[in-house]
Amino acid sequence: MASSARPPRPDRRLLLAGATATAALAALGFPSEALAQQGLRLGEAESFAFDALKQRAREMASRPYQAPPSPRPDVLERIDYDAHGKIRFKPEMALWADGPSPWPVTFFHLGRFFQKPVRMHVVEGGRAREIVYDESYFEMPADSPARELPRGAGFAGFRFQESRTGHPGRKGEKLEWQKNDWVAFLGASYFRAIGELYQYGLSARGLAIDPAVAGKAEEFPDFTHIWLETPQPGAEYVVVYALLSGPSVAGAYRFRMHRGKGVTMEIETEIHLRRDVERLGIAPLTSMYWYSEKAKTTAVDWRPEVHDSDGLALWTGAGERALRPLNNPPRTMASSFMDENPRGFGLVQRDREVGHYLDGVFYERRPSLWVETQGAWGKGAVQLIEIPTDDEIHDNIVAMWVPAGPAKAGATYALRYKLHWLADEPFQGDLGRVVATRLGNGGQPGTTRPKGVRKFMVEFKGPALEAIPFGVKPEVVLSASRGSYSYIFAEAVPNDVPGHWRAQFDLTVEGQDPVEMRCFLKAGDKVLTETWLYQYLPF
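**Observations regarding the overall build of the protein**
A count of helices and strands for the protein gives six helices and 35 strands. On C-alpha atoms alone, the protein measures out to a radius of gyration of 26 Å, which is about the 24 Å that the 2.2 N^0.38 rule sets for 539 residues. Expressed along its principal axes, the backbone C-alpha trace of the protein runs to roughly 90 × 50 × 45 Å. A buried classification covers 54% of the 539 residues belonging to the protein. For the protein, the accessible area works out to roughly 23100 Å², and carbon and sulfur atoms hold 50% of it.

**Re helix H3 (residues 50-61)**
Every α-helix carries 3.6 residues per turn, so stepping three or four residues along brings you back to the same face. The terminal C-alpha atoms of H3 lie 17 Å apart, and with twelve residues this matches the ideal 16 Å at 1.5 Å per residue to within 8%. If you check which residues of H3 are buried, you get Phe50, Leu53, Lys54, Arg56, Ala57, Met60 and Ala61. Buried positions in H3, seen along its axis, are confined to an arc of 160° and lie on one side of it. Where H3 is buried, its residues contact strand E13 (222-229), strand E14 (238-246), strand E15 (249-259) and strand E16 (263-273).

**Some words on the side chain of Asp359**
Residue placement: Asp359 occurs in the loop between strand E23 (344-348) and strand E24 (368-374). Within the local environment of Asp359, its side chain forms a polar contact with the backbone nitrogen of Val361, the two atoms lying 3.2 Å apart.

**A word on the packing of aromatic side chains**
One pass over the structure, following the stated rule, counts 35 aromatic pairs. Aromatic side chains Phe48 and Trp227 sit 5.0 Å apart centroid to centroid with 25° between the ring planes, which places their arrangement in the stacked category. Within this pair, whereas Phe48 is found in the loop between strand E2 (46-47) and H3, its partner Trp227 is found in strand E13, the two being separated by 179 residues in sequence. You'll find Phe48 and Trp227 in the same group, each marked buried. Residues Trp290 and Tyr291 carry aromatic rings whose centres are separated by 5.0 Å and whose planes lie at 65° to one another, so their mutual orientation is edge-to-face. As far as the burial class goes, Trp290 and Tyr291 line up, both buried. Residue placement shows Arg192 over the ring face of Tyr200; its charged tip is 4.5 Å from the ring centre.

**Regarding the sheet that holds strand E31 (residues 484-492)**
Picture the strands of a sheet paired through backbone hydrogen bonds; they go either parallel or antiparallel. Across the sheet, four strands lie side by side as E28-E29-E32-E31; this open sheet has antiparallel pairing. One side of each edge strand has no neighbouring strand; the edge strands of this open sheet are strand E28 (433-441) and E31. In this sheet, neighbouring strand axes are inclined to one another by 15° on average, regardless of whether the strands run parallel or antiparallel. Relative to strand E29 (residues 453-461), E28 runs antiparallel, the two sharing eight bridges. What sits directly across from Asn441, in E29, is Arg454.

**Description of the pattern of salt bridges**
This structure, assessed with the given rule, holds 32 salt bridges. The shortest N-O distance in the salt bridge between Asp134 and Arg41 comes to 3.6 Å. With Asp134 in the loop between strand E6 (127-132) and strand E7 (138-139) and Arg41 in strand E1 (residues 41-42), this pair connects stretches of sequence that are 93 residues apart. Here the two residues Asp134 and Arg41 agree in accessibility, since each one is buried. With its nearest N and O atoms 2.8 Å apart, the salt bridge here joins Asp424 to Arg433.

The rules behind each value
Residues numbered from 1 in each chain as written. Predicted model: local features only at pLDDT ≥ 70, side-chain atom pairs only at ≥ 80, totals over all residues. Heavy atoms only, no water. Helix = DSSP H or I, 4+ residues; strand = E, 2+ residues; numbered from the N terminus. Rg over C-alpha atoms; globule rule 2.2 N^0.38 Å. Buried < 20%, exposed > 50% of the residue type's maximum accessible area, 1.4 Å probe, protein only. Areas by Shrake-Rupley, 256 points an atom, 1.4 Å probe, with all protein chains shown as cover. Expected span 1.5 Å × (residues − 1). Arc of directions from axis to C-beta. Contact = heavy atoms within 4.5 Å. Polar contact = N/O pair within 3.5 Å; in protein donor to acceptor, adjacent residues only side chain to side chain. Phe/Tyr/Trp six-rings, centres within 6.5 Å; stacked < 30°, edge-to-face > 60°. Lys NZ or Arg CZ within 6 Å of the ring centre and 35° of its normal. Pairing = 2+ DSSP bridges. Axes fitted to C-alpha atoms, helices over the stretch in contact; angles between N-to-C directions. Salt bridge = Lys/Arg side-chain N within 4 Å of Asp/Glu carboxyl O.

Shown next, in the form of structure tokens:
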């Protein structure tokens, strides 16, 4: 895709598979012979380095934004959901279908929902060549509107297929790579990966610009160019570079991605602001939360729970571990958790009980996504945006790091972090963890329930709770931004599971303003659990 720094070049730059072209590419040490024989069309060779990409982003940020062109919007509008689903990339045309990478790359087609083409390149030995779109790479019906797109229209995104040689994290396991993938980049700067339970779920983004800012539309910058580095023989990772561009920002990204137990991504980025940004979201995560066991509108849906994630997990710079259960609020809500040099945060799916979902789309397998910060991130806040939804088709949850201080035009942010796509958080200690939050009417059973009183049951489970001596009960530590607590006690959950305790308490509060709540268990001076954080919205 074109950017303000480098406009698209005409087709004269394309090299077709021929003896002269093949010899020229081979002289550059580029594996073009196999790619040419495979039928991929390649552009002219250009030098490539990450430092040069960073410099390109700096220069772009100093100039006004120019939106990349979209080929034939009238045609793309006709490639709706059904038409797009009938267009399939041919596995035999995959980049590295026969090596040297064990993970072949396939590409997504443009359509109504993905109208901005992304320019794809293959890199080896410091030289890059564009992989040029051709409709022959795809299987599509004879009457598909995609056949009307111009020559070299472009791709919407790409994905890495599973290994041709077997799963590196599970000995003896080999999936049919043509039908299984583990990383996908598609739409704006969105990308996602499969977790250790072999299921896609929530997404990550390169950057979030002004989400949920009153009176201001959110901006969605795009990965306009992608470079796929050819792995060395025996490599256990893949490297991808991306150029980000939007009205307010330009940036360069490097992804080093490992396929093991789940997926780990080492990310380095340098971001430059073209103009002021009110809410700058670093390492943003995007998910869906409709409802769970803690609160559900009667008969809204037949399933007990529907969500890709059920909590925001935090590990602060001071070492506190916390979980904030997610809400589907009546109005858009933004919560801010102030911190300095956080150790990490993530959107997690802790409920893994199949019977809690009863659904064939495997919500119980959705990955948790943890952001491991590297280096000093300074002062700022993990911010959580929760948007009302009445269906599971909408991503209504955003979690991100927002640096302290104004994000002004000309500012640069250079950061490194890791993303862990797993079933659970990667760095767990002995503390009991929040495993369930339940709400009900306050007061005593068998009596008239008082108005304005809500009962809470918060369940914790973990090694520190297993070590409590017999006959000892942990202490419930509570605080709230307003209101008062009563009927407070802790008890072992009556299921004979060691280390499974719950805190029970009533909250009395007037009015409908949000209440920020905190709870954890301790024994003497010893903290036994992570901190339960909750935003209660009285009704």
